[in-house]
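# Observations on chain architecture
The lines below spell out each chain.
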Amino acid sequence: MRPGLLTMAMLVVAGAARADDDCNMPMADWQPRAAVEALAATEGWTIRRLKVDDGCYEIKGWDRDGVEVEITLDPASLAVIEIETDHEDGRHGRDRPEQRKE
């Protein structure tokens, strides 16, 4: 393989790996912030901060048990991509929706 093609192949692979953490929805397909706030209320989440990070909605706040959380949502479907928790005893956790037990 020629050096230029090898470099390009490595960039494509690196970009694909990084893209996993990003949401790549056109803004025209996004749910409004009010829908995120309504979802949070339904789930019992208290929002301290709602922002966009890497193209995803990100909620920083507390869950219904008062545990500090950071929740990443798909901006179009509002599906939970990831939930990070910060327990008072110093434990940290990270869940993907398929790992959560309700």
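Whatever comes next refers back to the structure up there.
The sections below set out a description of the structure shown in this document.

Reading the values: rules and limits
Residues numbered from 1 in each chain as written. Predicted model: local features only at pLDDT ≥ 70, side-chain atom pairs only at ≥ 80, totals over all residues. Heavy atoms only, no water. Helix = DSSP H or I, 4+ residues; strand = E, 2+ residues; numbered from the N terminus. Buried < 20%, exposed > 50% of the residue type's maximum accessible area, 1.4 Å probe, protein only. Contact = heavy atoms within 4.5 Å. Pairing = 2+ DSSP bridges. Core = buried A, V, L, I, M, F, W, Y, C linked by side-chain atoms within 4.5 Å.

### Digging into the environment of Ile 71
Within the secondary structure, Ile 71 is located in strand 3 (residues 68–73). Ile 71 gets classed as buried once you look at its relative accessible area, which sits at 1%. When neighbours within four sequence positions are excluded, Ile 71 is seen to be in contact with Trp 45, Tyr 57, Glu 58, Ile 59, Val 80, Glu 82 and Ile 83.

### Points about the pairing of strand 3
The pairing of strand 2 (residues 56–62) with strand 3 spans 6 bridges and is antiparallel. Bridge assignment links Gly 61 to a residue of strand 3, and that residue is Val 69. Following strand 2, the chain reverses through 5 residues before pairing antiparallel with strand 3; Gly 66 in that reversal takes a positive phi of roughly 85 degrees. Where strand 3 and strand 4 (residues 80–86) come together, 6 bridges link them in antiparallel fashion. Paired with Thr 72 across the strands is Glu 82, a residue of strand 4. Between the antiparallel neighbours strand 3 and strand 4 lie 6 residues, among them Leu 78 with a positive phi of about 60 degrees.

### Comments concerning the nonpolar core
The biggest cluster of nonpolar side chains holds 13 residues, and the ones touching the most others in it are Val 36, Trp 45, Tyr 57, Ile 59, Ile 71, Leu 73 and Val 80. Among the secondary structure elements, those contributing two or more residues to this core are helix 2 (33–43), strand 2, strand 3 and strand 4.

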